[in-house]
Amino acid sequence: MIVIKGIGWITLTRYGSIIKKLQGNYNDLKSLHSHLQHESVLKYAIKNFGRFDAVSKMTCCSIAIALNDAGIIYSEHMKHDTGILGTNNDGCFESNLAYFKDYVSCGRTIARGNLFIYTLPSTPIAEAAIYFGCQGPLLYIKFQHNQIPSMLRYAGKMILRGETSKMIAVEANEKKAVCFVLGKQDSASTMKALSLEGVVDTIEKISDFDEMIRMLNN
Amino acid sequence: MTETKAVVVACDIVTPYGWGIDSCWNGLLSKKTAIGRLNRFPTESFLAQNAAVVPGLTYGQDESIVIKMLKPLLQKNIYSIPEDAFLVLATTAGEIDKLERHVLNESADAASSRPDKLFEKISLLCGLSSPGIIVSAACASSSIAAAQAAGMIISNERDCVMVVACDSVSEFVFAGFSSLMALDKDMAKPFDRNRNGLSLGEASGFLLLMSESRALRENRPVIGEIAGWGLTNDANHMTGPSRDGSGLALAIHKALKSANVSEKDIGCFSAHGTGTIYNDSMEIKALRTVFGNHKVPVYSIKGGTGHTLGAAGLLEIIIAFESLNKKIVPPTVNLCNIDNEASGWVSSEPLTLDGSVTISTNSGFGGVNSAVVLKKY
């Protein structure tokens with residue numbers, strides 16, 4: 001049976017987790033990064049966090065909160081078999097525009113490599129894989145409907161198919177992010193976990209992000 | 001209970017060699033490259049001026065390049081694409097030339113470059129009524145898409161999946177790779193001692209996968225089987241591979257295990273082989289880790305087709321099936337002076353293929369790795 005071991009979420013001013021009921025406010029993503037490090041939610045600084053695009057920042061911070069919620073310890077020196085599945089509605093559309101506008105404004109002679117690397121929808125989760133040491137499958141999938149329930153079901157199937165032992169499933173854009181840590185139920189574990197089907201049933205018909213977080217908290 | 005097999009029942013491609021699988025296969029066997037001088041946009045200020053593009057496509061007007069590639073492929077009636085096929089679209093940039101036009105002269109709507117718009121067009125071109133997904137994982141996008149499609153079939157979730165892959169040579173992408181110093185000033189020379197980067201290419205294609213039972217029921221000709229796969233991430237660096245090839249080696253080990261075959265069963269190996277110094281070196285290290293001193297014939301098609309990005313994996317799977325069915329290991333085009341590391345593994349000449357199983361691998365930005373095991377049917 002696949003269970004959800006941790007959930008982390010971020011809006012433009014707030015963040016929180018579902019199992020450990022962590023909650024807090026923040027001003028900007030730079031201060032969130034510092035705050036999460038201070039609270040030991042981030043175990044060490046995210047290298048080059050300042051040059052990340054907004055979706056990558058939201059992705060990494062929400063994963064840190066979710067892993068903390070799941071009680072999972074990670075280290076930059078210890079890679080582990082965890083996959084990451086990312087999704088959102090817009091892919092990297094804003095980063096595409098930012099990169100190409102910058103290139104055109106420079107007279108179409110030289111592009112900025114640091115903007116170019118964020119023109120892949122999989123870059124935010126790749127930044128996360130590097131920081132958290134996730135060595136499992138890494139892919140971005142855009143689902144046609146019900147992004148978050150579809151993403152959770154898909155991540156669960158990847159575990160059941162034996163592609164990896166744990167999955168991080170994250171939906172992130174510039175304004176909000178929610179991340180789930182999925183794995184097989186471990187009867188020996190004392191950590192609280194939520195059933196995948198239960199969570200999917202809870203959020204299936206909710207389109208509003210704040211309402212979804214409220215329902216998950218209940 | 002018998003295990004469900006995922007088999008390919010139809011496929012087609014358009015590459016810089018031209019339309020169809022035969023043109024690409026014959027182009028590779030001719031040892032001539034399709035990489036040439038790029039005239040789509042000004043390239044004087046870039047690191048390179050060469051790329052491999054599909055002949056005859058006009059750039060910057062009306063439809064996007066990927067639609068110009070896909071329309072003739074998908075509108076052919078000969079493939080009988082079932083209406084209930086689940087669509088998996090693999091791309092990194094899709095119709096990015098539409099975004100270029102929006103920024104340059106507002107002759108297109110930027111939002112029309114979004115992959116979900118492309119998905120709708122492809123679904124319509126194929127006449128599909130089922131839902132689907134868009135998969136993006138850098139240069140491993142379409143091999144991962146094919147693996148996921150096979151996974152859906154093997155786990156009995158679906159019995160028919162259509163995988164479509166596409167990416168084009170655009171100013172957007174060309175300028176970006178140039179800024180990363182990733183382009184060879186001349187042409188990509190995979191596994192060559194004098195290699196110095198990749199050449200961009202473009203391609204589109206599709207794989208129609210079915211469960212073996214449905215393929216038999218519908219009297220479909222079976223081209224080959226996707227028998228297993230392994231997906232990993234280096235978790236190391238955004239634009240460069242893990243130097244020791246450990247991430248790719250792990251993907252190959254996972255793929256062999258998933259297909260229930262051993263390294264001794266592998267007849268040849270379709271490498272990612274971009275022509276960059278670090279990628280090709282990393283791949284040989286991964287091969288040594290997996291195969292030890294048992295040297296299997298290795299080839300890369302990118303000296304011929306260029307690096308077709310999100311379409312590369314699907315194109316290479318199709319060429320690998322051709323290789324299995326024709327019992328020929330294609331030559332590595334543009335290979336003149338074999339790098340010492342690769343000596344005994346790669347060849348500039350076609351070889352006879354001894355075996356019925358091959359592995360196709362891809363690696364990409366963000367450290368993504370895929371290995372797909374393909375079997376002759």
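Within any chain, residue numbers begin from 1 and follow the written order of that chain's sequence. The naming scheme follows written order: chains are lettered A onward, ligands numbered 1 onward. It should be noted that, the model being predicted, local features are given only for residues of pLDDT at least 70 and side-chain atom pairs only at 80 or more, the latter also being counted only at that level, while totals for whole chains, interfaces and linings use all residues.

**Some details on the overall build of chain A**
Rules: Helix and strand definitions follow DSSP, with helices as H or I runs of at least four residues and strands as E runs of at least two, each counted in order from the N terminus. Counting other C-beta atoms within 10 Å of its own, a residue is labelled buried from 20 upward, exposed at 12 or fewer, and partly exposed in the gap between, with every C-beta atom placed from the backbone. We call two residues in contact if the C-beta atoms placed from their backbones are at most 7 Å apart.
Across its full length, chain A holds eight helices and eight strands. By principal-axis analysis of the C-alpha atoms, chain A measures approximately 60 × 40 × 35 Å. Within the span of chain A, comprising 218 residues, buried residues form 51% of the whole. Long-range contacts, defined as pairs at least 24 residues apart, comprise 72% of the intrachain contacts of chain A with a sequence gap of at least 6.

**Regarding the overall build of chain B**
As a reminder of what qualifies: Atoms counted for the radius of gyration: C-alpha only. Globule rule: 2.2 Å times the number of residues to the power 0.38.
Counting secondary structure elements, chain B contains eleven helices and 15 strands. The C-alpha atoms of chain B give a radius of gyration of 19 Å, which matches the 21 Å a tight globule of 377 residues would have. The 377 residues of chain B split such that 64% are buried. For chain B, the proportion of contacts with a sequence separation of at least 24, taken over those separated by at least 6, is 80%.

**Overview of the interface of chain B and chain A**
Short version of the rule: The classification used treats Ala, Val, Leu, Ile, Met, Phe, Trp, Tyr, Cys and Pro as nonpolar, Asp, Glu, Lys and Arg as charged, and all other residues, Gly among them, as polar. If DSSP finds at least two bridges between two strands, the strands pair.
With 42 residues of chain B at the contact, the number on the chain A side is 42 residues. Within the residue set of the side of chain B that touches chain A, elements represented by two or more residues are α3 (96-105), α4 (115-126), β6 (132-136), α5 (141-154), α6 (171-179) and β9 (224-233) of chain B. Residue classes in the side of chain B that touches chain A are distributed as 22 nonpolar, 17 polar and three charged. As defined by bridge partners, strand β5 (residues 138-143) of chain A adjoins β6(B) across four bridges and the pair is classed as antiparallel. The partner of Tyr140(A) across the bridge, within β6(B), is Ser136(B).

**Notes on the packing of helix α1 (residues 21-29) of chain B against helix α11 (residues 312-326) of chain B**
Residues and elements named next belong to chain B. As a reminder of what qualifies: Fitting a line to C-alpha atoms yields each axis, with helices limited to the stretch in contact; the angle taken between N-to-C directions then spans 0 to 180 degrees. Here the angle decides the label: under 35 degrees means roughly parallel, over 145 means roughly antiparallel, 65 to 115 means roughly perpendicular, and every other value means oblique.
Interaxial distance between α1 and α11 falls to 11 Å at its minimum, and their mutual angle equals 75 degrees. With respect to α11, the element α1 is oriented roughly perpendicular. Along its contact with α1, which presents Ile 21, Cys 24 and Trp 25, the element α11 presents Ile 318, Ile 319 and Glu 322. The residue inventory of the contact of α1 with α11, partitioned by class, reads five nonpolar, no polar and one charged.

**Side note on the environment of Glu39(A)**
Residues and elements named next belong to chain A. For Glu 39, the location among the structural elements is in the loop between α1 (29-38) and α2 (54-69). Taking the number of C-beta atoms within 10 Å as the measure of exposure, Glu 39 has 13 and is therefore partly exposed. Remark: the alpha-carbon pair of Glu 39 and Asp 28, spanning eleven residues in sequence, is separated by 16 Å.

**Points about the environment of Cys61(A)**
Residue and element names in this part refer to chain A. Mapped onto the fold, Cys 61 is located in helix α2. Overall, Cys 61 belongs to the buried group, with 27 C-beta atoms counted inside 10 Å. The contact partners of Cys 61, leaving out residues within four places of it in the chain, are Ile 10, Leu 32, His 33 and Leu 36.

**Some thoughts on the pairing of strand β14 (residues 357-364) of chain B**
Residue and element names in this part refer to chain B. Of all eight residues making up β14, eight are buried, and the element is well covered by its neighbours. In β14, alternate side chains face the same way, and those of Val 357, Ile 359, Thr 361 and Ser 363 on one face and Thr 358, Ser 360, Asn 362 and Gly 364 on the other are all buried. Where β14 lies against strand β15 (residues 368-375), eight bridges are found, and the strand directions are antiparallel. Residue pairing in the sheet places Val 357 in a bridge with Lys 375 of β15. Joining the antiparallel neighbours β14 and β15 is a turn of three residues, in which Gly 366 adopts a positive phi near 85 degrees.

**Thoughts on unusual backbone geometry**
Phi is positive for Asn48(A), which is not a glycine, with a value near 65 degrees. Looking at where Asn48(A) falls in the secondary structure, it is placed in the loop between α1 and α2. The backbone phi angle of Ala138(B) is positive, close to 55 degrees, even though this residue is not glycine. For Ala138(B), a count of 26 C-beta atoms within 10 Å puts it in the buried group.

**A closer look at α4(B)**
Note the following rule: Take the residue count of a helix, subtract one, and multiply by 1.5 Å to get its expected span.
Taking 1.5 Å per residue as the helical rise, α4(B) with its twelve residues ought to reach 16 Å, and the 16 Å between its terminal C-alpha atoms agrees with that figure. Within the sequence span of α4(B), burial applies to Pro115(B), Leu118(B), Phe119(B), Lys121(B), Ile122(B), Ser123(B) and Cys126(B). The inward-facing, buried residues of α4(B) abut β5 of chain A together with α2 (65-74), β5 (86-90), β6 and β7 (160-167) of chain B.

**Overview of the pairing of β9(B)**
Residue and element names in this part refer to chain B. When you tally the buried positions in β9, you get ten out of ten residues, the bulk of the element. As paired strands, β9 and β15 are joined by eight bridges and run antiparallel to one another. Counted as the bridge partner of Gly 228 is Val 373 from β15.

**Structural notes on the nonpolar core**
Put simply, the rule reads: Nonpolar core, as used here: buried Ala, Val, Leu, Ile, Met, Phe, Trp, Tyr and Cys residues forming one set through C-beta atoms within 7 Å. Those domain boundaries reflect an automatic or database domain assignment.
Core analysis: the largest hydrophobic core is formed by 208 residues, its most contacted members being Val88(B), Ala146(B), Val161(B), Val163(B), Leu208(B), Leu209(B) and Val372(B). Residues lining this core come from more than one domain, with at least three contributed by each of domain 1 (6-217) and domain 2 (227-375) of chain B.

Taken by themselves, the reported measurements are silent on function.
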